[in-house]
Amino acid sequence: MAERDAARACVHPETSEIRLENVLHALSDPVRLTIVRDLAASEAELACSYFVLPVTKSTTTHHFRVLRESGVVRQTYRGTAKMNNLRRADLDALFPGLLDSVLTAARSEADRLAG
């Protein structure tokens, strides 16, 4: 099974290849921002199936691909599940304070819109 998982390995940018404009683009979509907020709130990896999103499965796949290719998340296969975790350490090293600022702003906006 490990060979099969290796054959399905997801391609990620190296830390040195992550670009600010790609990260900002990835974080600019409300669906992707919801994914990032959930990942930031979790200490564990989360399967794609964990997320209940208001879009089709193919659109969900697209959103995860944008997040992965921009360097915001890392995806790995665990059996048939694709697991996701936030590349917080990489993002904090490259863009200090960016992720925390975006998450704080997103939380503030959600609170404002809810009440």
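Everything below is about the structure shown above.
The numbering scheme is per chain: residues are counted from 1 as the chain's sequence reads. Restriction of local features to residues with pLDDT of at least 70 applies here, the model being predicted, together with a cutoff of 80 or more for giving and counting side-chain atom pairs; totals for whole chains, interfaces and linings are based on all residues. The side-chain numbers reported here are obtained from all heavy atoms of the structure, hydrogens and water having been left aside.

A few words now on the packing of aromatic side chains. Any two rings among Phe, Tyr and Trp, with Trp reduced to its six-membered ring, count as a pair given centres within 6.5 Å; such a pair is stacked if its planes are under 30 degrees apart, edge-to-face if over 60, and tilted if neither. Within this structure, the stated rule accounts for two aromatic pairs. Ring geometry for Tyr50 versus Phe51: centroids 5.2 Å apart, planes at 85°, classification edge-to-face. Exposed residues in this analysis have more than 50% of their type's maximum accessible area, buried residues have under 20%, and partly exposed residues fall in between, with area computed by a 1.4 Å probe over protein chains only. Judged by relative accessible area, Tyr50 falls into the partly exposed class, the value being 48%. According to the relative accessible area criterion, Phe51 is buried, its value standing at 8%. Summarising the aromatic geometry, the rings of Phe51 and Phe64 are spaced 5.4 Å apart at their centres and angled 65° between planes, so their arrangement reads as edge-to-face. Of this pair, Phe51 sits in the loop between strand 1 (46–47) and helix 4 (57–70) while Phe64 sits in helix 4, placing them 13 residues apart in sequence. Owing to a relative accessible area of 2%, Phe64 belongs among the buried residues under this scheme. Here a set of aromatic residues connected by ring pairs shows up, and it is made of Tyr50, Phe51 and Phe64. The secondary structure listing takes helices from DSSP runs of H or I that are at least 4 residues long and strands from runs of E that are at least 2 residues long, numbered from the N terminus.

Below, the discussion takes up the side chain of Thr60. Secondary-structure assignment places Thr60 in helix 4. Given a relative accessible area of 15%, Thr60 falls into the buried group. Note on contacts: a residue pair is in contact if any heavy atoms of the two residues lie within 4.5 Å. Thr60 has contacts with Leu53 and Val55, leaving out every residue within four places of it along the chain.

Glancing now at the pattern of salt bridges. Only one rule defines a salt bridge in this text: a Lys or Arg side-chain nitrogen within 4 Å of an Asp or Glu carboxyl oxygen. The final tally for this structure, using the stated rule, is six salt bridges. Where Asp90 meets Arg87, a salt bridge forms, and the shortest distance between an N and an O atom there is 2.9 Å. Arg87 matches Asp90 in its accessibility class, with the two residues each being buried. Residue Arg88 pairs with Asp92 through a salt bridge whose shortest N-O separation is 4.0 Å. Taken as a pair, Arg88 and Asp92 lie in helix 5 (residues 88–94) at a separation of four residues, close to a single helical turn. By relative accessible area, Asp92 is classed as partly exposed at 27%.

We now examine helix 6 (residues 98–114). Taking 1.5 Å per residue as the helical rise, helix 6 with its 17 residues ought to reach 24 Å, and the 24 Å between its terminal C-alpha atoms agrees with that figure. Among the residues making up helix 6, those that are buried are Leu99, Leu103 and Ala106. One side of helix 6 carries all its buried residues, which in axial view fall inside an arc of 60°. When the buried face of helix 6 is taken as reference, the exposed residues oriented beyond 90 degrees from it are Asp111 and Arg112. In the core, the buried residues of helix 6 are packed alongside helix 3 (30–41), strand 3 (81–86) and helix 5. Helix span is expected to be 1.5 Å times the residue number reduced by one. Working definition: the arc comes from the directions between the helix axis and the C-beta atoms, pointing outward to the latter.

Purely geometric numbers; function is a separate question.
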